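# Results of the structural survey
Here is how the chains run, residue by residue.
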Amino acid sequence: MALTASSFLSIEHARGYKLRALPWLLTGLWGTVVTAPYAVAQNAPTLKETIVSGSRAEQSKDDVPATVEVINSKQLETGQVGDIRDLVQGIPNVSVQRAPARFTLAGSSAGRAGNAGFNIRGLDSNRVLILVDGLRTPRSYAFGAAAFGRDTVDVTQLKRVEIIKGPASALYGSDGLAGMVNFITLQPEDYLANSRTLGGRATAGYSGDDKGQNISGTIAGQANESVQWLLSARAGRAMELDNEGTNDIANADRTTPNPQKDRSLSLLGKLVLRPSSAQKHTIALEHIDKKSSYELLSARAKPPLAATSTLSADAFTTAERDRLSWEAYYKLGAGLADNLQTTVSVQRTKAREYTTEDRNTAADRVRDVTYAEKTLQLGLQADKLMRMGANTVQKITYGMDYVATKVNNLNTGITPPAGETFPLKRFPDTKETSTALYLQNEIVLGSLSVIPAVRWDHFSINASQAGFSPPSATPAASLSGSAVSPKLGVLYNATPQWAVFGNYATGFKAPNAGQINAFFENFTSFYKTIPNPNLKPEKSGNLELGVRARMDALTLDAAVFKSRYKNLIEESSNVGGAGVPGNPTIFQSINLGKATINGFEMKVNYQWGSFAGGKLSTPLVYGQAKGTDNTSNQPLNSIDPAKLGVGIGYESPAWDVRLDATRYSGKSDGDINSPGLVTAPAKQFSTPAATVLNISGQWRISKDLRLNLAVMNLTDKKYWNWNSVRGISSASPVVDAYTQSGRSLNVSLVTDF
């Protein structure tokens, strides 16, 4: 299973090193891949699946000594993946947080961020490194009633998604303490096989859980042997995400979803130039534009009304991301490097939330909150392949990264909080820079591969006092520092069918501008948020051991992991005060002591053979994790309950069908730090266990025309996801508002040309 010395030398240059041949073929219907939520079974591929996230060059996924999930273009299509929430529903120990949109102007933040971001093995938010084509995407931001998520990617313009679990990427960044998600966008060559000079794809789809409709099209061409191009566009619209609530009243007791309208537009353009066989240049332009409008019926007050009672509330949110990048690959064949890769990227992101509130007799209120990032990324990477003996090969990869981001926020509107005036900022405009050097050596000793790596990071956070309007008693602080993050991976090919691997990786994440310098004071409610210039970077160490099996009928992937964390940052922690005049409650971002997360996950597929002209298979996935704050000896609330998925799939030449059962374990009281989520004596709602059935299929109408159908939640099961209900009391009368969608139909039609 490990890459042998002889096969390593057969690697050729094509955006790095690409395998020509492999000693054996994958034969599992699922292979080593966890499919998109309800992707249909497919024939075994003739070659191992390649990824780039393990070593920043193409290599077999089975040659990476870590757990890597891959969702390829076929699985994205047959799974009818519409967003990042759909993307990970079938992957163990990975989820996307999405609460219902029940936020208020200056109170609850429920659902404000939409698809807030990824949770990998119990850690979420900005501790997950998210990339598009190896380039960093914007972070999430939340302060008070404002929150912006990380869903600025169009999944219809992807050829695959790669997820590394744990801080295993010394090459991309040590700040991904939980792991990394790398979205790989389409290339012209994906549509220009068999010497074609023009090709493309068109898709129309409908999702029943939010009445979503979308249409997309991609066209690629080749002007000559040196020039290829691609243009892709998608437009979509949707409504509120369905749930199992039944109370349709227009006030705080409402459990049905608030009316919502979503609009999205995405554009992707690429120009690929090959001036010679030794060069390849890719220029990419990407635009993402997402808008949502809300009628916040649940924000309306119940009688009897006070002067400040809300009569009506409405909001709209926008998120835009623009990226221009230039990647260049040079085949050098020099003494110090066989290949050289350079990257230049500029990215602009802007998120906005505009909320209006009509109050009874008190002055009406408006909040207009914006958050923006402007980022410059530069990269330089080289690699060298060396043969040290008959059975020993080394591939050395080294380089540097530079990232400079200007971060700013602005709050304006009508009727500001007592003691404040608009416009104002919750933290000062800040420039964050990071410089990193990295080195990795892949040593192949016959059937044994040893991969040591190290990364050095230096960060600098420079806050500008100019225009920082809140009257904070603590001046805005700047911060800088550095750290070394080592990594070691080992992979041993015990037999042609069995392999074992292990890796130890460390992580390092600096605090951000909002965590260091956030300030807010409410004089009438007697609470305030203060800066913390003494925050320390978060650090992690992760140990993972795993086994892989590749047999004629059975494929198996299993891993155990244990992660230790130090100085984890908890935002808006209650650090003192009584919430009374002269002694307000004080909130602050603080470093916690130590935390531990451990767990287990497994993926199995058994191929039963041919029946009635088709193939029958049974896939299974399972994942569980436990986490503890070692300082307080309390559970970590970010840990999802265990999840088991079992399916049965049948594929024939013209059609296929698959039935999936997903078992969500309950979240017991013993696994919840209730006081960390709700104020005592209230008790956090603990989600019960549930089993959800889904059935999906594809009809290949002709060679270039396919129809995908799926019925989700076939039995209309009422259930909750833990990541949607964190912070909800068990005594809340609106618990049903946080249920997941009932039975729904998804359909899409895809044609190639």
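For the structure itself, look to the data block above.
This is a predicted model, so every value here is computed, not measured.

With that settled, consider the overall build of the chain. In terms of helices and strands, the chain carries five helices and 40 strands. Along the first, second and third principal axes, the C-alpha atoms of the chain reach 80 × 55 × 55 Å. Expressed as a percentage of the 753 residues in the chain, the buried residues total 56%. Put simply, of all contacts in the chain between residues at least 6 apart along the chain, 68% involve residues at least 24 apart. For the chain, the centre of its 78 positive side-chain charges and the centre of its 66 negative side-chain charges are spaced 3 Å apart.

Going through the model one piece at a time under the given rule, you end up with 49 salt bridges. Close ionic contact of E69 with K603 constitutes a salt bridge, the shortest N to O distance being 3.3 Å. Taken together, the positions of E69 in strand β5 (residues 68-72) and K603 in strand β33 (residues 594-611) put the pair 534 residues apart, joining distant regions of the chain. Judged on exposure class, the residue E69 and its partner K603 are both buried. A salt bridge links R85 to D86; the nearest nitrogen and oxygen atoms lie 4.0 Å apart.

A few words now on the environment of T185. In this fold, T185 is placed in strand β13 (residues 179-185). A residue is classified by how much of its surface remains accessible, and T185, at 2% relative accessible area, is buried. Those residues in contact with T185 that sit more than four places away from it in its chain are V132, D133, Q157, L158, K159, L268, K270 and R323. Polar contacts involving the side chain of T185 include one to the side chain of D133, which spans 2.6 Å. Within the structure, the side chain of T185 is placed 2.7 Å from the side chain of K270, a separation counted as a polar contact.

Ordered in space as β5-β12-β13-β8-β9, the five strands form an open sheet in which the pairing is mixed. Each end of this open sheet is capped by a strand with a single partner; those strands are β5 and β9 (135-136). As paired strands, strand β8 (residues 128-132) and β9 are joined by two bridges and run antiparallel to one another. Residue pairing in the sheet places L131 in a bridge with R136 of β9.

A separate point is the side chain of T506. Following the sequence through the fold, T506 ends up in strand β26 (residues 498-509). Polar contacts involving the side chain of T506 include one to the main-chain carbonyl oxygen of P486, which spans 2.9 Å. In this structure, T506 is in contact with P167, S485, P486, S540 and G541, ignoring residues within four places of it in sequence.

The full count for this structure, using the stated rule, is 15 aromatic pairs. With a centroid separation of 6.5 Å and an interplanar angle of 20°, the aromatic rings of F148 and Y371 are classed as stacked. Taken as a pair, F148 in strand β11 (residues 146-148) and Y371 in strand β21 (residues 365-389) lie far apart in primary sequence, 223 residues in all. The pair formed by F148 and Y371 is uniform in burial state, with each residue classed as buried. For the ring pair Y650 and W655, a centre distance of 5.4 Å and an interplane angle of 45° mean the geometry is tilted.

What counts and what doesn't
Throughout, a residue's number is its position along its own chain's written sequence, starting from 1. Totals for whole chains, interfaces and linings use every residue, but because this is a predicted model, local features are given only for residues with pLDDT of at least 70 and side-chain atom pairs only at 80 or more, for both listing and counting. Each side-chain value is worked out from all heavy atoms of the structure, with water and hydrogens disregarded. The way it works is that DSSP assigns letters per residue, a run of H or I at least four long becomes a helix, a run of E at least two long becomes a strand, and they are numbered from the N terminus. With a 1.4 Å probe rolled over the protein chains alone, any residue whose accessible area is under 20% of its type maximum counts as buried; one over 50% counts as exposed, and the rest are partly exposed. In this analysis, two residues are considered to be in contact whenever any of their non-hydrogen atoms come within 4.5 Å of each other. Note on charges: Lys and Arg go in the positive column, Asp and Glu in the negative column, and His and the chain ends are not counted at all. A charge is said to be at NZ when it belongs to Lys, at CZ for Arg, at CG for Asp and at CD for Glu. When a carboxyl oxygen of Asp or Glu is within 4 Å of a side-chain nitrogen of Lys or Arg, the pair counts as a salt bridge. By the criterion applied in these results, polar contacts are pairs of N or O atoms within 3.5 Å in which, for protein atoms, one can donate a hydrogen and the other can accept it, and in which residues neighboring in sequence qualify only through two side-chain atoms. When DSSP finds two or more bridges between two strands, those strands count as paired. What counts as a ring pair is set by centres within 6.5 Å for rings of Phe, Tyr and Trp (its six-membered ring), and what kind of pair is set by the plane angle: stacked under 30 degrees, edge-to-face over 60, tilted for all other angles.

Geometric descriptors of this kind do not, in isolation, establish any biological role.
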